[in-house]
Amino acid sequence: MKEKFKVLILNGSPRKDGNTTVAVKEMEKVFAENGVEYETIQIGNKVIRGCIACNYCYKNGKCSINDDIVNELAPKFEEADGLVVASPVYYASANATLIACLDRLFYSTPFDKTMKVGASVVCARRGGCSATFDELNKYFTISNMPIASSQYWNSIHGRKVGEAEMDEEGKQTMRTLARNMTFLMKSIALGKETFGLPETEKRVATHFIH
């Protein structure tokens, strides 16, 4: 079985040391303890425009927008065994900058994402976590990516900067999530060697014509 595992972490908060970072750092500790390499990239403080539906990526295998973010993330995502997407909650939704990044990253990358492990992490003062959690998970479920779960929904709470440090249940949820994600990545790697990837069919697209 492969010996080294890599996780790419996208922090969608514009605050470098905000409450979302508290959650991410709990996961980083566990990854380090288990010998999992990780790279955390702050996305929320970047200027990232949304997809313009130009279909340039279909022909060229990369996004047409040169903002030095999405096309740089693509090879890191391809190499990673797992992807963590973390975001603060804005109006029961993820940070729009992160969503713009994910739309373009997932749509423009032609490589197979099957069995890369995905995990969503959300942070809020109080409400909106579940809606944001579901929103982020949809990027994984359309890409044949198993979702790592925890002992509770992957959320942490805090309003003022650093307040999430007091959410002991939230931090424990993050540590459990990282352990489960590590187990999944290792199990999938073993399964690939033993059984290979699941059989694939030629893609069918249904369009109803009236």
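This is a predicted model, so every value here is computed, not measured.

Caption draft 1: Representation of the overall build of the protein chain in the model. Along the protein chain, the regular secondary structure elements total six helices and six strands. What you see in the protein chain, going N to C, is helices and strands ordered as β-α-β-α-α-β-β-α-β-α-β-α. Overall, the C-alpha framework of the protein chain stretches about 50 × 40 × 35 Å when taken along its three principal axes. Relative to its full complement of 210 residues, the protein chain shows a buried share of 48%. Across the protein chain, the fraction of contacts at a sequence separation of at least 24, relative to all contacts at a separation of at least 6, is 77%. If you sum the accessible surface of the protein chain, you get close to 11900 Å²; carbon and sulfur atoms cover 51% of it. Side chains of the protein chain give 27 positive and 25 negative charges; the mean places of these two sets differ by 4 Å.

Caption draft 2: Representation of helix α3 (residues 70-79). Listed in full, the buried residues belonging to α3 are Val-70, Leu-73, Ala-74 and Phe-77. In an axial view of α3, the angular spread of the buried residues amounts to 120 degrees, which keeps them on one side of the axis. The secondary structure elements touched by the buried residues of α3 are β1 (6-11), β2 (37-42), β3 (82-90) and α4 (96-108).

Caption draft 3: Here's a closer look at the pairing of β2. Pairing of β1 with β2, which is carried by six bridges, proceeds in the parallel orientation. Each residue of the ladder has a partner; that of Val-7, found in β2, is Tyr-38.

Caption draft 4: Fine view of the nonpolar core. Ranked by internal contacts, the top residues of the largest apolar core, which has 33 residues, are Leu-10, Ile-43 and Leu-83. Every element with two or more residues in this core is listed here: β1, α3, β3, α4, β5 (117-124) and α5 (129-141). Membership of the second largest hydrophobic core comes to 26 residues, among which are Phe-5, Ala-119, Ile-156 and Met-181.

Caption draft 5: Spatial organisation of the side chain of Ser-13. Secondary-structure assignment places Ser-13 in the loop between β1 and α1 (19-33). Take Ser-13: its relative accessible area is 5%, and that puts it in the buried class. A polar atom in the side chain of Ser-13 sits 3.1 Å from the backbone nitrogen of Arg-15. If sequence neighbours within four positions are ignored, Ser-13 has contacts with Thr-20, Gln-42, Gly-44, Asn-45, Ala-86 and Pro-88.

Caption draft 6: Representation of the packing of aromatic side chains. A full pass over the atoms with the stated rule returns five aromatic pairs. Summarising the aromatic geometry, the rings of Phe-77 and Phe-106 are spaced 5.2 Å apart at their centres and angled 55 degrees between planes, so their arrangement reads as tilted. Pair noted here: Phe-77 is in helix α3 and Phe-106 is in helix α4, with a separation of 29 residues, a long-range link. On the basis of relative accessible area, Phe-106 is assigned to the buried category, the value being 11%. Residues Tyr-152 and Trp-153 carry aromatic rings whose centres are separated by 5.1 Å and whose planes lie at 70 degrees to one another, so their mutual orientation is edge-to-face. Between Lys-2 and the ring centre of Phe-5, over which it is positioned, the NZ or CZ distance is 5.2 Å.

Caption draft 7: How the structure looks around the UniProt feature "domain: NADPH-dependent FMN reductase-like" (unreviewed entry) in the protein chain. The sites that UniProt annotates as "domain: NADPH-dependent FMN reductase-like" (unreviewed entry) are residues 6-154. A distance of 20 Å separates the end C-alpha atoms of residues 6-154, which is 38% helix and 21% strand.

So, how was this worked out
- Residues numbered from 1 in each chain as written.
- Predicted model: local features only at pLDDT ≥ 70, side-chain atom pairs only at ≥ 80, totals over all residues.
- Heavy atoms only, no water.
- Helix = DSSP H or I, 4+ residues; strand = E, 2+ residues; numbered from the N terminus.
- Buried < 20%, exposed > 50% of the residue type's maximum accessible area, 1.4 Å probe, protein only.
- Contact = heavy atoms within 4.5 Å.
- Areas by Shrake-Rupley, 256 points an atom, 1.4 Å probe, with all protein chains shown as cover.
- Lys, Arg positive; Asp, Glu negative; His and termini not counted.
- Charge placed at Lys NZ, Arg CZ, Asp CG, Glu CD.
- Arc of directions from axis to C-beta.
- Pairing = 2+ DSSP bridges.
- Core = buried A, V, L, I, M, F, W, Y, C linked by side-chain atoms within 4.5 Å.
- Polar contact = N/O pair within 3.5 Å; in protein donor to acceptor, adjacent residues only side chain to side chain.
- Phe/Tyr/Trp six-rings, centres within 6.5 Å; stacked < 30°, edge-to-face > 60°.
- Lys NZ or Arg CZ within 6 Å of the ring centre and 35° of its normal.
- UniProt positions renumbered as here; feature names shortened; annotations may be inferred.

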